[in-house]
Amino acid sequence: MNLRSKKMTALLLSASLVFSFNSAAFAEEVEISETDGVILYEAGEAEAEIYEEAAEVDDAAPATPVDAAHALSGNVTIKCGAPYVKVSVDDIVTVSDINLAIVDELSFEIDKKSYRVDKDILIDNENNAVIEKGVVDKVDISLNKIRSAGALVSDAKDIKYKDDSKKVIDAHGNQVISFTAGINKTKIPGAKFDIITGEILLKDAFSGSVSQQRVYFGKDKKYAVVIKYDGAVEYRGSNVSVTSHYYSTSEDGVSGDVDGAVGVSAGFYKVSSNEELIPLMLDKDNKSPYFWKDDTGITLKKPKIYNAKTVGGRNDGSTAPYFTIKMSYSKKKTENDVLEISDKADLKRELEKTKFYFTVEPRRISTELITYKKSVPDKYYVNKLTVNTSKNTLKGNIQFRGSKYNKSNLNVRSLTNVGKKLNVISKSEFESNGKNVKKADAYFEYDSSDKTVTLTGIKGYYGTAVINDKITVK
């Protein structure tokens, strides 16, 4: 088990203990904000405190610490990965948060010795020794241009700051900022390095959160169906799908994970005079709730998705991704049915005109997501890449693989390809804006000195990944 795995295990254990013994305190930390009928749930500072406490245990300094000035002196190679940071619900993000997210994705190589950064701490990959804290101070970062996710680099514009000191950026989320980074020569004068370029994704405030929207219906709108769904999905080179949707009385109905599918659940409620939701029961004796399809004849059909091919689309504008839910119902009233036929007809009309908006994020590419083993899930599997140096082409298979669940047998999983194979062109072809750029997912650069291929995501993808295995050169 590597250090990251150990940290995650410690974190999960710490979190489970805290949540088990102090659930009431945690509940007080949950912040709920509502905008245009969509409710966003965000965890408060309780999670951050747990995270920091777990980090302090694992990040204890070694017996013989080595400072960063010594470790990063000499010829330094910097790699930037695929950083991201979440924009606030007020559509702002601080430069300090961006810089920290960028540095935490950086890796350094000095004379074949490698280092990584974890929560602003420089760590020796060979022995997991802590070199020094405060790596942000050792790195110079310049934020350059900003553009919508999925847009061409040529569409980038100047960054808008909220203050004269340029410490806070005005950003609506699901945007990409280009940056340059290098070692601060005043902090580490002995370092020799190349300035690197990279991109950081500013995730929308709804990313990774469960959105919630009420659809009122019936006489005096005394009933509501509450639709809960993932606020963001990840672009995967193909159409966005919908996970199996079902009735839910809690947040468990939707995971909130950012993957390639919108998870949708629904619940039926009676609305009190003070807008309190009371679960709507089918039968007073057994207290059965309404399901998607039951004896009442109500059937909520699989959501239909629109504009999901628009990478970077979000909850605004004419191209915003959204889904609708169609419904059918029996015109015969059943025994003990609390809903009138007119109530069901009204719900059908309301659903037909209601749009549920979500965000389509670009997909992340980074070295840590590269694998050369077909059996490893949730990574880009690389197999038999061929670099033709004379034609400047890269041929082979690079495709994300994920876990597939067997619905008929719990806990049985298999691996499956997720999305299409990456379409990769050369950097020169990308920069020339050739005809193949519109279809490309990434461009590559081949380094003959260390025989590695570096991928850089474009359009529906962002970030960089270094491939150093299964490469044949012609």
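Please read these numbers as outputs of a predicted model, since none were measured by experiment.

### Digging into the overall build of the protein
Right, on to step 1. Of regular secondary structure, the protein possesses seven helices and 40 strands.
Right, on to step 2. Counting all 474 residues of the protein, 45% fall into the buried class.
Right, on to step 3. Across the protein, contacts joining residues at least 24 apart in sequence account for 60% of those joining residues at least 6 apart.
Right, on to step 4. About 24900 Å² of surface is accessible on the protein, with carbon and sulfur atoms providing 48% of the total.

### Concerning the pattern of salt bridges
Right, on to step 1. The tally for this structure, following the rule as stated, stands at 21 salt bridges.
Right, on to step 2. Asp337 serves as the salt-bridge partner of Lys344, at 2.7 Å between the closest nitrogen and oxygen. The same class applies to Lys344 as to Asp337, namely buried.
Right, on to step 3. The residue Glu431 makes a salt bridge to Lys427 at a minimum N-O spacing of 3.9 Å. Of this pair, Glu431 and Lys427 both sit in helix 7 (residues 427-431), separated by four residues, roughly a single helical turn.
Right, on to step 4. Salt bridges sharing partners connect three or more residues here, namely Lys221, Asp346, Arg349, Glu350 and Lys353.

### Looking at the packing of aromatic side chains
For any pair of aromatic rings, the description consists of the separation of the ring centres together with the inter-plane angle of the planes.
Right, on to step 1. Inspection of the entire model under this criterion finds 11 aromatic pairs.
Right, on to step 2. Ring plane angle 85° and centroid distance 6.5 Å describe the contact between Phe217 and Phe268, whose orientation is recorded as edge-to-face. Of this pair, Phe217 sits in strand 16 (residues 210-217) while Phe268 sits in strand 22 (residues 264-271); the two residues are 51 residues apart in sequence, bridging distant segments of the chain.
Right, on to step 3. The class of Phe268 is buried, set by a relative accessible area of 1%.
Right, on to step 4. Ring centres 4.7 Å apart and planes at 20° place the aromatic pair Phe430 and Tyr443 in the stacked group. Taken together, the residues Phe430 in helix 7 and Tyr443 in strand 36 (residues 442-447) connect sequence positions 13 residues apart. As far as burial versus exposure is concerned, Phe430 and Tyr443 are alike and both buried.
Right, on to step 5. Connected via pairs of aromatic rings, a cluster forms that spans Tyr229, Phe323, Phe356 and Phe358.
Right, on to step 6. A cation over a ring is seen here: Lys355 above Tyr322, with NZ or CZ 4.7 Å from the ring centre.
Right, on to step 7. Stacked on the ring of Phe400, the Lys or Arg Arg363 has its end atom at 3.9 Å from the ring centre.

### Brief notes about unusual backbone geometry
Right, on to step 1. Even without being glycine, Asn174 reaches a positive phi, approximately 55°.
Right, on to step 2. By the secondary structure assignment, Asn174 is in the loop between strand 12 (168-170) and strand 13 (175-183).
Right, on to step 3. In this structure, Lys221 takes a positive phi of about 50° despite not being glycine.
Right, on to step 4. Residue Lys221 is classed as partly exposed on the basis of its relative accessible area, which comes to 34%.

Cut-offs applied
Residues numbered from 1 in each chain as written. Predicted model: local features only at pLDDT ≥ 70, side-chain atom pairs only at ≥ 80, totals over all residues. Heavy atoms only, no water. Helix = DSSP H or I, 4+ residues; strand = E, 2+ residues; numbered from the N terminus. Buried < 20%, exposed > 50% of the residue type's maximum accessible area, 1.4 Å probe, protein only. Contact = heavy atoms within 4.5 Å. Areas by Shrake-Rupley, 256 points an atom, 1.4 Å probe, with all protein chains shown as cover. Salt bridge = Lys/Arg side-chain N within 4 Å of Asp/Glu carboxyl O. Phe/Tyr/Trp six-rings, centres within 6.5 Å; stacked < 30°, edge-to-face > 60°. Lys NZ or Arg CZ within 6 Å of the ring centre and 35° of its normal.

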